Amino acid sequence: MSTYTYKRSQELFERACSVIPCGIPGHMSPAVNVPPASYPIYAAKAKGACFWDVDGNEFIDYMCAYGPMILGYGNEVVDDAARLQYALADTTMCPSPKMVELAEFLVDLVEGMEWAFFAKNGADVTNYAVMVARCATGREKVVGIKGGYHGSSAWMQGLAHHGVTPADASNVLRIPWNDVGAFEDLVAEHSHNIAAFIATPNHVATFYDNELPEEGYWTKIEAICRREGIVLILDDIRHGFRLNMKGSHVHYGFTPDLICFCKALANGYPISSLMGTDALKNAASRVFHTGSYWYQAAPMAAALACLKELKRLDAPQWMQAQGEKLFSQMGELASSHGYTLKVTGEPVMANVRLADDPSFMLHQIWCGECTRRGAFIASHHNLFISMAHDEAILEKTLAICDEAFAALKGYQERGEVVC
Amino acid sequence: MDYQKIKASLNLHAVLRNLSTLVACDEKAREIIKNWDLSLGFKIFNGPSLFLVFKDGACRAGEGAMEKPDIRLFFLSASHFNAMMEGRAVPIILKGFSHLHFLRRRFPKLTDRLAHFLKPQAFHFEDAEFRRINTQLNLSVAMRAVCELATQDAMGRCNASAIPEGTLAIQVLPKGPVVGLSKKGDALEVADVKPEEASAILRFRDVDVACDLVNGRCDAFAALTRGDIAMRGRIPMIEAVNLMMDRIPHYLN
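Since the model is a prediction, treat every value here as computed from it, not as a measurement.

Undergrad: I would appreciate a short explanation of the overall build of chain B in the present structure.
TA: Helices and strands together make up the secondary structure of chain B, namely ten helices and ten strands. Taking 18 Å as the expected radius of gyration for a compact globule of 253 residues, we find that chain B reaches 18 Å, a close match to that expectation. Projected onto the principal axes, the alpha-carbon positions of chain B cover approximately 55 × 40 × 30 Å. Among the 253 residues that make up chain B, the fraction classed as buried is 55%. Residue pairs in contact within chain B that sit at least 24 positions apart in sequence constitute 66% of those at least 6 positions apart. With an accessible surface of roughly 11800 Å², chain B has 50% of that area assigned to carbon and sulfur atoms. Distance from the positive charge centre (34 side chains) to the negative charge centre (29 side chains) of chain B: 5 Å.

Next up, the structure:
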């Protein structure tokens, strides 16, 4: 297998640095792909489970654009729905009937939720969820999980991150994942001033193994919220429609008050949604939260088509099975080369890590070797399985991983591992 | 904690303490101190203390009080000490009146030399030797400052708590310097870390890249993508330390 080079990507990046902060800012920054020289920087086209960079290199995408891609890039069903809608009207003075259709479909689909609100990005709806909770309860504090990510708004980033002030962070209290006792302690300390508890269905902190909820965790959290009048917000932005079409809360057996969706909602078309129970609809209607493009019709049409297709294909079950197959075989390959691959989280969006090196450097090298052979795997983030990761894709992936393990072994044996 | 107290702690343990680094890497500084054979103790009332020993053409720095320094300088408050560092106040001499000439005329030559590197003008960066020493000093100051912020500054404590256990090496290729930190339990300390043994490495392609970064003259993310700066290993360690380093200018210009 030949390995890729990225000349055109790097040339484009140099141009970008002159006119864009960081060259590529935010979560798409190539700086976190370690080592950067092993990774492409710009995509030219995409189809199915793959994308091609501007140097013509083909990649099986295991990041799925960090989640939005779920049916495959360029899925005809979704794209046709969007095209049809674009031809009619997209951003206009009045919203489209698609907004009503999508809200009705979501209310029917997602268990326990009785209304839906639409925006563009995940942070739009996590922000809205917190405002709704504060409006409904009259309280200030929000409890979140250490390492939990709910968008880049100042209040949700860690204290001392650039641009974040103590005032921004003062109303967010962080506790460890799976620690119900810590939540009880906070409740006792901030009696009657906690508006909301927000968390992802399982813990997916970057640079760390994923952690599933312990037995009874969510039912205990829910019970505390009910007892104390705290709004339970499920951030289903990353997981949504990958674990269960009715919502990830059904997968783990609890009922939130508000659920945030984004990413896979429309297979990459820009739309997010906050859904909630009837008890919070009045509060939601009183909170003013809006955006110029939040009524865009084409992403709504795309979302409808995407959700119907996912439901038709029983997507979560299929993707979980693909993930189980892929990661168990990947682990066997690792063992055959003398490595230990630790797989954590749910198979449909697992985190993988070479456990042989506590510094992560070997894992970073291996991920880079996979990527420059055509399986894009980031070392710092959970992976994603989509409906496009079929048997042929898995087979090709495993061949790449096998060669990457062999390459890593060779580097170590020759003393060439330069971390 | 009080702004002036944190600033004084940084001025004492990160800036003044690095006179030892200055002497080690700057020929002119060694020339200044070549005949010095004495010790100074700095003490802030109800606050930290530091000593400097000049002997045999070298400077050794240490935290805490020295038993019998030749010169003992006292500061009524953290603000007093900070003002002295900014040239707006003088210390109270508790011991060493016979060294008045040294304190007024000779010691300031060394501290002025430190200020020359730590408070540069734009044109100074045109000189390669300046860049080398400026980079070494800034990295050394930064490591000590980060350890102070980890315990004294609210944001620093927050970031420090996110640093996983292990060691971080910050290395300038091809020939150094290398500075390091070690996190064990809650304690963050400056440490002598070999890059090949570190849990995390932040590596600069050369002195020029390092100099640009420590002086706020480069886009770090762009430099990382280009490979001018490389991160390896436990990235959360690098991220947290980087945030703490960016906190330093809040106290020290």
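Having seen it, we continue.
Undergrad: Would you mind going over the domain arrangement of chain A with me for this structure?
TA: Often the size quoted for an interface is simply the accessible area lost on bringing the parts together. Residue and element names in this part refer to chain A. The domain boundaries assigned to chain A delineate domain 1 (7–62 + 315–413) and domain 2 (76–313). Taking only C-alpha atoms into account, the centre of domain 1 sits 27 Å from that of domain 2. Buried area between domain 1 and domain 2, both sides added, is near 1800 Å², and the carbon and sulfur share of it is 57%. Summed over the three residues of domain 1 that lose the most area to domain 2, namely Pro316, Glu346 and Met349, the buried surface amounts to 27% of that side. At the boundary of domain 1 and domain 2, one finds three salt bridges. Of the charged contacts, one joins Lys47 and Glu76 as a salt bridge, the two residues approaching to 3.3 Å between their closest N and O atoms. At the surface where domain 1 touches domain 2, the tally comes to twelve residue pairs in polar contact (both at pLDDT 80 or more). Looking at the side of domain 1 that touches domain 2, the elements that each hand over two or more residues are helix H11 (315–336), strand S11 (341–344) and strand S12 (351–354).

Undergrad: How should the pattern of salt bridges be read in this particular structure?
TA: Pairs can form between side chains of opposite charge whenever their charged atoms are close. Enumeration according to the criterion identifies 31 salt bridges over all chains in this entry. Linking B:Asp26 and B:Arg113 is a salt bridge whose minimum nitrogen-to-oxygen distance equals 2.6 Å. Within this pair, whereas B:Asp26 is found in the loop between helix H2 (19–25) and helix H3 (27–33), its partner B:Arg113 is found in helix H5 (residues 100–118), the two being separated by 87 residues in sequence. When sorted by exposure, B:Asp26 lands in the same class as B:Arg113, which is buried. One salt bridge in this structure joins B:Arg205 and B:Asp228, with 2.9 Å as the shortest N-O distance. Of this pair, B:Arg205 sits in the loop between strand S9 (200–204) and helix H8 (207–214) while B:Asp228 sits in the loop between helix H9 (220–226) and strand S10 (229–233); the two residues are 23 residues apart in sequence, bridging distant segments of the chain. Judged by its relative accessible area of 44%, B:Arg205 falls in the partly exposed class. Here the salt bridges do not stand alone but share partners, grouping A:Lys47, A:Glu76, A:Asp80 and A:Arg83 into one network.

Undergrad: Where do I start with the packing of helix H3 (residues 98–109) of chain A against helix H10 (residues 297–312) of chain A in this structure?
TA: The axes of two packed helices give the description: the angle between them and the distance between them. Residues and elements named next belong to chain A. Direction vectors running N to C along H3 and H10 enclose 30°, while the axes themselves pass 9 Å from each other. With respect to their mutual orientation, H3 and H10 come out roughly parallel. Judged by the sense of rotation from one axis to the other, the crossing of H3 with H10 is left-handed. On the side of H3, the interface is formed by Lys98, Met99, Glu101, Leu102, Phe105, Leu106 and Leu109, while H10 contributes Ala297, Met300, Ala301, Ala303, Leu304, Leu307, Lys308 and Lys311. In terms of residue class, the contact of H3 with H10 is built from eleven nonpolar, no polar and four charged.

Undergrad: Please explain the side chain of A:Asn33 as it appears in this structure.
TA: By secondary structure assignment, the location of A:Asn33 is in the loop between helix H1 (7–19) and strand S1 (43–47). The residues contacting A:Asn33, other than those within four sequence positions of it, are A:Tyr39, A:Tyr66, A:Phe376, A:Ala378 and A:His380.

Rules behind the numbers
Residues numbered from 1 in each chain as written. Chains lettered and ligands numbered in written order. Predicted model: local features only at pLDDT ≥ 70, side-chain atom pairs only at ≥ 80, totals over all residues. Heavy atoms only, no water. Helix = DSSP H or I, 4+ residues; strand = E, 2+ residues; numbered from the N terminus. Rg over C-alpha atoms; globule rule 2.2 N^0.38 Å. Buried < 20%, exposed > 50% of the residue type's maximum accessible area, 1.4 Å probe, protein only. Contact = heavy atoms within 4.5 Å. Areas by Shrake-Rupley, 256 points an atom, 1.4 Å probe, with all protein chains shown as cover. Lys, Arg positive; Asp, Glu negative; His and termini not counted. Charge placed at Lys NZ, Arg CZ, Asp CG, Glu CD. Domains from an automatic or database assignment. Buried area = accessible area lost by both parts, 1.4 Å probe. Salt bridge = Lys/Arg side-chain N within 4 Å of Asp/Glu carboxyl O. Polar contact = N/O pair within 3.5 Å; in protein donor to acceptor, adjacent residues only side chain to side chain. Axes fitted to C-alpha atoms, helices over the stretch in contact; angles between N-to-C directions. Parallel < 35°, antiparallel > 145°, perpendicular 65-115°, else oblique. Left-handed = near helix turned anticlockwise from the far one by under 90°. Nonpolar A, V, L, I, M, F, W, Y, C, P; charged D, E, K, R; others polar.

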